[in-house]
Amino acid sequence: MRAVSAASIASLLNRLPADTVTIEPDALSEGAHDRWTLDLLRLARGDLPDAPDAIASPSSTDEVATVLRWASEAGTPVVPRGGGSGVCGAARAGPGSIVLNLSRMNRVLDVDEVSRVVRVEAGIRGDALEAALGPHGLTVGHYPQSIELSTVGGWIAAASAGQASAGFGAIEDRLLGLTAVTAGGEVLRLRAVPRSAMGPDLRRLLVGSEGAFAVVTEATLACAMAPRELAWDAFGFGSFDVCLDGLRRVMQAEPHALVVRGYDQADATLAFGRMGHPGGPVAIFGFDATSAGVTERRAAAADALGEGAHALGSAYGEHWWAHRNDTVRTYHRVMGEERMLGSGVVVDTIEVAALWRDVPALYANVRTALLAGAEAVGCHLSHPYPSGASLYFTFLVRGADDRAVEDVYRTAWATAARACLAAGGTLSHHHGVGLLKAPFLDAELGATGASLLRRMKAAVDPAGILNPGKLGDERRGPR
Ligand SMILES: Cc1cc2nc3c(=O)[nH]c(=O)nc-3n(C[C@H](O)[C@H](O)[C@H](O)COP(=O)(O)OP(=O)(O)OC[C@H]3O[C@@H](n4cnc5c(N)ncnc54)[C@H](O)[C@@H]3O)c2cc1C
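All residue numbers refer to position in the chain's written sequence, counted from 1. Owing to the predicted nature of the model, reporting of local features is limited to residues with pLDDT of at least 70; listing and counting of side-chain atom pairs is limited to 80 or more, with chain, interface and lining totals taken over all residues. The side-chain figures draw on all heavy atoms in the structure; neither hydrogens nor water molecules are used.

Caption draft 1: Fine view of the side chain of Ser85. Tracing the sequence through the fold places Ser85 in the loop between strand S3 (78–81) and strand S4 (98–101). The cut-offs for exposure are 20% and 50% of the maximum accessible area for each residue type, with area from a 1.4 Å probe on protein chains only; residues under the lower value are buried, those over the upper are exposed, and the others partly exposed. In this structure Ser85 comes out as buried when scored by relative accessible area, which is 17%. Only heavy atoms matter for contacts: two residues are in contact if any of them lie within 4.5 Å across the pair. With near-sequence residues (within four places) excluded, Ser85 lies in contact with Arg35, Ser146, Leu149 and Ser150. A run of H or I in DSSP becomes a helix once it reaches four residues, and a run of E becomes a strand once it reaches two; helices and strands are each numbered from the N terminus.

Caption draft 2: Highlighting the packing of aromatic side chains. Any pair of Phe, Tyr and Trp rings, taking the six-membered ring for Trp, is counted once the centres come within 6.5 Å. Such a pair is stacked with planes under 30 degrees apart, edge-to-face with planes over 60 apart, and tilted for the rest. A full pass over the atoms with the stated rule returns 12 aromatic pairs. Ring centres 6.3 Å apart and planes at 15° place the aromatic pair Phe395 and Tyr409 in the stacked group. Residue Phe395 is located in strand S18 (residues 388–398), and its partner Tyr409 is located in helix H16 (residues 404–422); the two are separated by 14 residues in the primary sequence. No difference in accessibility class separates Phe395 from Tyr409, as the two residues are buried. An aromatic cluster of at least three residues, connected via ring pairs, comprises Tyr143, Phe168, Trp232, Trp320 and Trp321. Directly above the aromatic system of Trp321 lies the positively charged group of Arg324, at a separation of 3.6 Å from the ring centroid. Definition used: whenever NZ (Lys) or CZ (Arg) falls within 6 Å of the ring centre and also within 35 degrees of the ring normal, the charge is taken to sit over that ring.

Caption draft 3: Here's a closer look at the pairing of strand S16 (residues 345–355). The buried fraction of S16 amounts to 10 of the 11 residues, a majority that puts the element mostly inside the structure. When DSSP locates at least two bridges between a pair of strands, those strands are taken to pair. Sheet topology note: the S16/S18 ladder contains 11 bridges and is antiparallel. Counted as the bridge partner of Ala353 is Ser390 from S18.

Caption draft 4: Spotlight on the site of the ligand. To be near a molecule or strand, a residue needs just one of its heavy atoms within 4 Å of it. Residues in close proximity to the ligand total 34 residues, the closest being Pro80, Ser85, Ser146, Thr151 and Ser160. Two N or O atoms form a polar contact when they lie within 3.5 Å of each other; inside protein one atom must be a possible hydrogen donor and the other a possible acceptor, and for residues adjacent in sequence the pair counts only when both atoms belong to side chains. Between the ligand and Asn467, the relevant distance is 3.3 Å, taken from an oxygen atom to a side-chain nitrogen or oxygen of the residue. In isolation the ligand exposes 960 Å². Once the protein is present, 97% of that is buried. Secondary structure elements with two or more residues in the shell around the ligand: S3, helix H6 (152–158) and strand S10 (215–222). Just so you know the grouping, Ala, Val, Leu, Ile, Met, Phe, Trp, Tyr, Cys and Pro go in nonpolar, Asp, Glu, Lys and Arg go in charged, and all remaining residues, Gly too, go in polar. A breakdown of the residues in the shell around the ligand according to their chemical character gives 15 nonpolar, 16 polar and three charged. Only the protein chains shown count as covering a residue, and every accessible area follows the Shrake-Rupley method with a 1.4 Å probe.

Caption draft 5: Main features of the environment of Ala122. By secondary structure assignment, the location of Ala122 is in the loop between strand S6 (117–121) and helix H5 (126–133). When its relative accessible area of 1% is taken as the criterion, Ala122 is described as buried. Sequence-distant contacts of Ala122, that is, excluding residues within four places in its chain, are made with Met105, Thr151, Val152, Gly153, Val216, Thr217 and Glu218.

Just distances and angles here, no functional claims.
And the structure:
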């Protein structure tokens, strides 16, 4: 891909306030990648592909439109970037492209206590959003493990789900309205309403759109009263299949827990070993302790689990809540500069989902596929629904060194992807698509589905400038 010419960069600089565009090499290197394991591995090896040519950090929707008009005229690819916490290479930007960094657009614009909604700029991080809502007694209830790293725009573009999705839903359930800028620089304002039947929901069109359809600059999100206290229950099981079936019955009994999670033997040891867990699968439930009928709902959940479950008390859930984001640091230590487990070791995650009928086969097939090449595999049920659930696998592969392990990693991923699709699952529950999963779009959506997606992309972005290559579109993105 050709580099952006100096004259073209000068033209961009001239259209924007001073300090909006940087070509400083360290910033460009930092803006070249997200937290996809393969890119972290390449960083560790010192051979990450070349960086983008500039980073624009606009402060307003108008400035975003200015950047996109310039990019359309110049035919220059633009990679939108929120917190850069994505794990699939969706924010990867290479030479010949520029990064559109939304992090300066981080203001809370309005808190409407009557409707319990908040309007924000899309570059606000999750922790800052929750801190701003605290004094109002409100929460958006969207708590991804990466809450301190990720932004509202990234949540929308990657179709994110938070750890309390059982109670608050995923990002599409919180999104009521938005402002976005199209590839041509037009501003799309979709008013905030609780629901609308004015045609297909254009808000939803942007959920999971990978920054390839438009750049989100503002969003209005539904809030709820923040729980003042959480009440926790935990249960142990003889097998993960019994745990999964129990969680299905719990979700279908609709006890309205905020947090529902189930861990297989390996993940239970990782999550609860430090507190003396003797072994075996574990499920935890977190309830709003002061909500109406909570005692009855906790009892109903325990009943629904059936005889295969034994109560473990409240400590497991309290421990999980206190340590729920610790693995962010662990992952950084393993895949970052420290390479805690040494060279040649790669850790990654795969979050898949299926209907309950298919969940046992999904678990067995993906786990078996991963174990064919991985040294360790753990799984937990991370996001449950009445109709099905997502399973979140963590796996560790080892090669002779940081170069050899790349093939082992790619093979593990491809084998697991085939196993997931054969079991009727989806390859992405909440991490989006990115360079990692784009090669599997045709297999999951079918030829017609994938073609429709490409035609939609071509219609909204005829010049193909918005994050090319991330939704399986024809224009080649970075590798
Ligand atoms: C340790 C760790 C834990 C994680 N835990 C979770 C979790 O619990 N739940 C979960 O859902 N995810 C999780 N993630 C993944 C990641 O945080 C999410 O994918 C998140 O939604 C990405 O947000 P971001 O702002 O960092 O986006 P980025 O990584 O910057 O970008 C992601 C995608 O969104 C696009 N994009 C970003 N901003 C905009 C915008 N304003 N308009 C249009 N497109 C845009 C980018 O082009 C890219 O395609 C985790 C990641 C890590 C590293």
